[in-house]
Structures are given as C-alpha cells and as structure tokens.
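What follows is each chain in one-letter form.
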Amino acid sequence: MSDASLSQEHHTFPPDPAFTAQANGTAQMYAAADADFEGFWAQQARDRVSWATGFEQTLDWSGAPFAKWYVGGRLNAAYNCVDRHVEAGNGDRVAIHFEGEPGDTRTITYADLQREVCKAANALESLGVGKGDTVAIYLPMIPEAVVAMLACARIGAPHSVVFGGFSADALNTRINDAKSRVVITSDGGYRRGAPSALKPAVDAALAAGENPVEKVVVVRRTGQDVAWDDTRDVWWHDVVDRASDEHEAQPHDAEDPLFILYTSGTTGKPKGIFHTTGGYLVQAAYTSSVVHDVHPETDVYWCTADIGWVTGHSYIVYGPLAVGATQLMYEGTPDTPHRGRWWELIEKYKVSILYTAPTAVRTFMKWGHDIPEKFDLSSLRLLGSVGEPINPEAWLWYRKWIGGDRCPVVDTWWQTETGTIMISPLAGVTTLEPGSAQRPIPGIAAEILDDEGQPFTEADKVGYLVLTKPWPSMLRGIWGDPERYKETYWSRFGPKYYFAGDGAKYDADGNIWLLGRVDDVMNVSGHRLSTAEIESALVSHPKVAEAAVVGASDETTGQAVAAFVILRQDAVQEADEPGEGVDLVKELRNHVAKEIGPIAKPRSIMIVSELPKTRSGKIMRRLLKDVAEGRDIGDVTTLADSSVMNLIQEGMSARSE
Ligand code: WT7
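As the structure is a prediction and not an experimental result, all values here were calculated from the model. Positions within a chain are numbered from 1, following the residues in the order the chain's sequence is written. Selection of residues for local features in this predicted model requires a pLDDT of at least 70, selection of side-chain atom pairs for listing and counting requires 80 or more, and totals for whole chains, interfaces and linings are taken over all residues. The basis for the side-chain values is all heavy atoms of the structure; hydrogens and waters are excluded.

Engineer: Is there a simple way to think about the overall build of the protein in this case?
Structural biologist: Helix numbering and strand numbering both begin at the N terminus, where a helix is a DSSP run of H or I of at least 4 residues and a strand a DSSP run of E of at least 2. The secondary structure content of the protein amounts to 22 helices and 30 strands. Expected size for 657 residues packed as a compact globule is a radius of gyration near 26 Å; at 25 Å, the protein falls within 12% of this value. Taking the principal axes of the C-alpha coordinates as reference, the protein spans close to 75 × 65 × 55 Å. With a 1.4 Å probe rolled over the protein chains alone, any residue whose accessible area is under 20% of its type maximum counts as buried; one over 50% counts as exposed, and the rest are partly exposed. Out of the 657 residues in the protein, the part that is buried amounts to 61%. Taking all contacts inside the protein whose residues are at least 6 apart in sequence as the whole, residues at least 24 apart take part in 70%. Reported accessibility uses the Shrake-Rupley method at a 1.4 Å probe radius. Residues are deemed covered only where the shown protein chains occlude them. A total accessible area of about 24,900 Å² is found for the protein, and carbon and sulfur atoms account for 48% of it. A positive count includes Lys and Arg, and a negative count includes Asp and Glu. His and the chain ends are not counted in either. For this purpose, a charge sits on NZ of Lys, CZ of Arg, CG of Asp or CD of Glu. If you average the places of the 61 positive and of the 90 negative side-chain charges in the protein, the two averages end up 1 Å apart. Atoms considered for the radius of gyration are the C-alpha atoms alone. The globule rule reads 2.2 Å times the number of residues to the power 0.38. Should any heavy atoms of two residues lie within 4.5 Å, those residues are considered in contact.

Here's what the structure looks like:
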C-alpha cells in the first residue's frame, strides 16, 4: 500500500483478539459505569489507589460546579506513585530510563526514586516549604523534574510547573499568581545539541519586581556558569544530597490541592487550573491502565510530552508511576543528533507503548518513512495520540510506519482542565476509526449541543462538545478566581454542562470527531495559546498601537500564529524606510518570544493601516483568518469600512508572491 492510497479508502480496524485477550480495558466497563456511575468510580478508587483512610462518599456534587470526590478519604500521591511499589517488592523495577540529549543515561529504579523523593522532600522542608505552600518548578526534561514534583506532592505543597520554554515574564506572572516562595530550576538543559540556559530567566523573572520568592533551588545539569545570589540561591546537590533518604509520607485529604498548572484562555491572563489529590490520581491511574493498557511487569512506556504541560503531569508522572510502569524519559528534540533519534531510542529500550502528538507524526511523515524503517520498532504494541485532532492520513501513517501495521492507535481527547483522558477508543474493545477520538471512556459522559444548547445525535452536524457529568480528575477551579471558573466552563450552556471550548460532530457510526477550538484559543503543535495573550504581548511593544491575532491552519503544526499589527504614528514613518519593515517584524516576533516564550512567536506578522471591524468596533477575526489561510474573503458588508479588507488581502498576496 502506498502512502497515497492509505488515505483514499475508508479503513477501520477491529480489535485484534490477541490484544483483547490481554487488555486492561474491557467492554463490560462501559456497562458497569452506565449501570452505576458512582459505584463504578468508587470501585476504581478502591482498586487503583492506596488510601490511608477510606472515603465515605464517592461524589459530593451538592455545591456544583464545585465537586468533591472521595469525601473523607486520605492518601499521599507520592506514596502511591513510589513507596507502595517498593513495599510490594518491586523496588528493583526500573521506574525511569533517562536519556539526555547528549546521550548520557541514568537508570532509576522505584527504590532509587523513593530515596530521591524522600531526600528532596526533606530538603524542601528544610527550606521552609510546608503543606499548602506552592512551589514553582522550571526545569528541563530531567529526572529531577519528576523527583521535585513528587517531593511536593509528598509534603502536600502544590506544585506549579512552568514549561521551560516560557519566558521570564511568563514565569514572573505565574510565580506571583500562585504566590510561590520557592522555585526549583536548573542551570540549563540540552537543546538541539547545545546547552540552553534556564537560570537567567529565573533571575530576570525575580528581578522584574516584587515577588514572594525566598529560595531558588538550582539543579546542575549543563555545568554552565550561573549568576549567584548567596542569600537566595542554593544548589540542589547541596541541599538534596545531604538530606536524609527517609521521609514519612503524611496522608492528605482527597480534596487537598495537588498542583496548579497555568493554561491559556480567551483572555490575556493565563488561568491557574488546579487539581486535587484523590480524584486526579484515581483517574490518572485508571486511564494509564485502560487506555494506554500499561502492564507494568512487561511494558516499556514512553510519553514524549514535556513535563511542563498537563500531558507530562498525568502521563509521565502520576499515571504511569501510580500503576508502577517502567518508562523512558528523553530530554531532547527528535532531530538531534539525527532524525532517527526517537526510533533509535525505541529500539534501544524496547519501548512498547508510545504516546505522542499529531504534530510530531506529521513532521515524521514529512521527513519520510525511510527513517523509521531503518530501526527495529517491533517492540511497539500500542500507539497513542494527544493534543489536537489527528488527521486520518497521519493516523494511518503512524499505524503503518511506526506501528508496523499491527499496533492500534488511540486518539485521546482531554484538556488541562479535565486532568486526564476523557474521550478515546479502548484498543481491545473499539473498532478504530482513523481521525476520531470516538467515544467517552467508561465513566465519562459527553454530548454535542447545537447553538441553542440542545443535544443532538445527527451525523455530520457541527456543534459544541460538552461534558454532562462530573468526573474524578476534573479541575476544581481556577486558582484564586472561583467566579471565572463558573463563568468560563459552566455558563455558556447553563450549569448542567461543562463547556470544553471544542467544536465536534458525530459520524454515521456515532463516533465523535473533534474539530478544534471554537473560542479564541489556538493550538500550535499541540500547545495551547491564546489570541488575546499574544495580542497583549504585541501591544506592549512601544511601536504597536493595535494588534489582532488569529490561528491559521498549518500543515505541520495544526495551527500557526498569524498577527496583524497597526503601528503607532511615529513608528509608521520608520517602517516605511527601505528594509526597516522587515527588521520591525523580526523585532516584534522576538518581543512576543520575550513576553511569552518562543512557542508563541507569530509565523507571520503583517503591518496594516486598519483592522477589519464591525460597526460596533469588534475585530472580525474570521476575515483575518480567511486572509491568513489564503482564502478569498467573502461578504464584508458588515464591516465599518470594507476597503480595509481589500488592502489587507492585497498586501497578503503581494507578500506570498
Ligand atoms: C485542547 C486542550 C490534552 C492534553 C494536551 C493539551 C485540543 C487535545 C485532542 C484530541 C482533538 C484535542 C482540544 C482541547 N485537543 N487533545 N485528541 N483531538 N483535539 O491540553 O493544552 O489543555 O489543550 O487541546 O482543543 O480543548 P491543553
């Protein structure tokens, strides 16, 4: 079968009976959850998590939309992810095979991890971190990131992990919003063959103004020189290595916060999504088991996400470790030192379960299947996809060239807010439909609503995805802003429906197809970015008067950031000088990188004299999107000044010539 013919026929893939025979996820689970929703989740909680004190009530929804799961239950998440596996006699099992980008390796067993987490917990306590204190973690993909998160969980200090690719400014905002007194960072990490510094961004974030930070703990990773503040900075190896490797894990309430993770919403200000301990851990363990089908005795699991995103939280740290899995953790990028690096690692570690994003798959497609073909990928038995819709072509390519025409592919839909996987096929049960996340997993309820908020089931009609029942790993709110939580998620279609922000449709077989965001949130390479946040970054530049940002579809990254900018009067003349416009665009792109992070850099910035606005003054992003995607703009009669669009479109086509 050629790549071209892959996409032309409609293929579905029934489960392989051999897979079904060993699968953790079963058809009966759907029936069990339908018959007794709370009973089902109570059972999951008892089967998958060790409780210091059993819970009295599975769900308290009386304060909806503020949920309480496993009321009265007490547990320690770090104990569940580490100690109990050691106590069960599995201390020698590898928890993490770490591979640094330069090729350095570390093997960390569950017994090692227990010692490291205990030491780090003791060290944090010696620095004054106690239960309820938030700790900011700004680290590359190194084992200390996992250790730091679990040490926080052990103490009951909610962690707030900030993606290492975010800028000093973004870090500053998050530190202040969460009021973190301690930051854990490193001198740097390895990126595309060279050390890339991290600590200077922390220094800049803390120099930017008042902040609550008392201590910065610095992991030595690259050995590069770092500026040092003796009153504030301590080396990880100084405080952690000399700490005791014994630390008693106190049980925490099921509803004690486990972590905060900032994500982009429709406004300029990122939201601190917070998750609590019991429900989150239950659903993380449940989904690692039934969706990823992890068999801890035999599998080698690899999730390629960064720990700075929710995927890293749930499917590098809490899910796989709660089930006692052996996993691979890789620091670097897929193209360093060569484009076969991932496949080399799969061959080397005999990875059996791979969880990655469609944007990566599409990049590999572009590079050609002859690269993975050079490696032995026969250890793989399940492939997962997450972060954005996976187009059927990419799905089929993934199954064929990575999965050897044998591995099921599960497309998993969820969000930072949902905490863990919500919609996905079960590989041993579902006949797989390439491109579709298919149906809610057992215990989860979703519907699609029309503009009037009415649920429908007709095929091919486009509507809004909503979740109709609470779920254990649901966000418990937005840190410090309960009203915004209600308003953002539980008001669009009334208090009964959690509005996810995604468009969706059913096909004729009742499968759910996710169609992307319906709000002002973009998805670039599976990373969530807000149009408003990038607009405010642009207008914070002294030369910019006004900015509009849209997500334009992009073959590889799903969407790309396209910006339209009106300059301030004095900057206009300057930009008209020959060559200056190009420099200005570069300057603005770098400015966005500085304000938010390189991932937010616009792919294109067009300098315009006007933006298309309705008569009431609202920017018509739909039109800008049409232009950015190279479509002819249709009817512009609702515009206050329709000539604006002609100018913009002419400008755009002049540029692409
Ligand atoms: C948004 C959530 C899920 C963890 C990583 C992203 C989009 C996510 C899928 C999928 C279609 C998907 C949605 C969602 N999304 N997975 N399998 N199919 N779309 O988490 O940053 O909170 O983003 O990512 O639009 O709302 P996030």
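Don't stop here, the text continues.
Engineer: Quick question: what am I supposed to make of the sheet that holds strand E22 (residues 463-467) here?
Structural biologist: Strands belonging to one sheet form pairs held by backbone hydrogen bonds; the direction of such a pair is parallel or antiparallel. DSSP-based pairing: two strands are paired if at least 2 bridges between them are found. Strand order in the open sheet formed by four strands is E21-E22-E24-E25, and the pairing between neighbours is antiparallel. A strand with exactly one partner marks an edge of an open sheet, and here the two such strands are strand E21 (446-449) and strand E25 (512-517). Averaged over all neighbouring strand pairs, the angle between strand axes comes to 45°, with direction disregarded. Think of each axis as a best-fit line through the C-alpha atoms, taken over the contacting stretch in the case of a helix, with angles from 0 to 180 degrees between the N-to-C directions.

Engineer: I would appreciate a short explanation of helix H3 (residues 27-35) in the present structure.
Structural biologist: Every α-helix carries 3.6 residues per turn, so stepping three or four residues along brings you back to the same face. Taken residue by residue, H3 has Met29, Tyr30 and Ala33 as its buried positions. An end-on view of H3 places all buried positions within 105° of arc, on one side of the element. Opposite the packed face of H3, turned more than 90 degrees from it, sit the exposed residues Gln28 and Ala35. In this structure, the buried side of H3 is in contact with helix H4 (37-48) and helix H11 (277-290). The directions considered for the arc are those from the helix axis to the C-beta atoms.

Engineer: Looking at this model, I keep getting lost on the pattern of salt bridges. Mind explaining?
Structural biologist: When the charged atoms of two side chains lie near each other, side chains of opposite charge can form a pair. Salt bridge criterion: a side-chain nitrogen from Lys or Arg within 4 Å of a carboxyl oxygen from Asp or Glu. The final tally for this structure, using the stated rule, is 39 salt bridges. Arginine 74 is paired through a salt bridge with aspartate 253; the nearest N and O atoms lie 4.0 Å apart. Residue arginine 74 is found in strand E3 (residues 74-75), and its partner aspartate 253 is found in strand E13 (residues 252-253); the two are separated by 179 residues along the sequence. By relative accessible area, arginine 74 is classed as partly exposed at 30%. Across the pair aspartate 256 and lysine 131 runs a salt bridge, and its minimum N-O distance is 2.8 Å. One end of the pair, aspartate 256, is in the loop between E13 and strand E14 (257-263); the other, lysine 131, is in the loop between helix H6 (110-126) and strand E6 (135-138), and 125 residues separate them in sequence. Several salt bridges converge on common partners, so that one network encompasses Arg622, Lys625, Asp626, Glu629 and Arg631.

Engineer: Would you mind showing me how to read the packing of H3 against H4 here?
Structural biologist: Packed helices, taken two at a time, are described by their axes: the angle between them and the distance between them. Two numbers describe how H3 lies on H4: the axes approach to 5 Å, and their chain directions differ by 120°. Taken as axis vectors, H3 and H4 run oblique relative to one another. Counted together, Met29, Ala32, Ala33 and Ala35 of H3 and Phe37, Phe40 and Arg48 of H4 form the full contact between these two elements. When residues are sorted by character, Ala, Val, Leu, Ile, Met, Phe, Trp, Tyr, Cys and Pro go into the nonpolar class, Asp, Glu, Lys and Arg into the charged class, and all the rest, Gly among them, into the polar class. Split by residue class, the contact of H3 with H4 holds six nonpolar, no polar and one charged. Any angle that is under 35 degrees is reported as roughly parallel, and any over 145 degrees as roughly antiparallel; angles of 65 to 115 degrees are reported as roughly perpendicular and all others as oblique.

Engineer: How should I be thinking about the packing of aromatic side chains in this particular structure?
Structural biologist: To describe a pair of aromatic rings, one takes the distance between the centres and the angle between the planes. Here the aromatic set is Phe, Tyr and Trp, taking the six-membered ring for Trp, and pairing holds for ring centres within 6.5 Å; pairs whose planes are under 30 degrees apart are stacked, those over 60 apart are edge-to-face, and all others are tilted. This model, assessed by the stated rule, comprises 35 aromatic pairs. Where phenylalanine 40 meets tryptophan 41, the ring centres are 5.4 Å apart and the plane angle is 75°; that geometry is what we call edge-to-face. Here phenylalanine 40 and tryptophan 41 have matching classes, each one buried. The structure contains a cluster of three or more aromatic residues connected by ring pairs, namely Phe37, Phe40, Trp41, Trp51, Phe55, Trp69, Tyr70 and Tyr286. Only lysine NZ and arginine CZ atoms are considered, and such an atom sits over a ring when it is within 6 Å of the ring centre and within 35 degrees of the ring normal. One Lys or Arg, arginine 439, reaches over the ring of tyrosine 30 and ends 3.8 Å from the middle of that ring. Here the basic side chain of lysine 505 rests over the ring of tryptophan 513, its NZ or CZ set 5.7 Å away from the ring centre.

Engineer: Please clarify how the site of the ligand should be interpreted in this entry.
Structural biologist: Whether a residue is near a molecule or strand depends on its heavy atoms: it is near if one of them lies within 4 Å of it. The environment of the ligand is formed by 17 residues, the closest being Asp411, Thr412, Thr416, Asp502 and Arg528. Any N or O atom pair separated by 3.5 Å or less is treated as a polar contact, with the protein-specific requirement of one donor-capable and one acceptor-capable atom, and with residues adjacent in sequence counted only for side-chain atom pairs. One nitrogen or oxygen atom from the main chain of glutamate 388 is found 3.4 Å from a nitrogen atom belonging to the ligand. With respect to the ligand, the side chain of arginine 517 contributes an N or O atom lying 2.8 Å from an oxygen atom. Here the ligand, which alone exposes 550 Å², has 96% of that area covered by the protein. Sorting the residues of the shell around the ligand by element identifies helix H12 (310-322), strand E20 (409-412) and E25 as the ones contributing at least two each. For the shell around the ligand, the residue count by class is six nonpolar, six polar and five charged.

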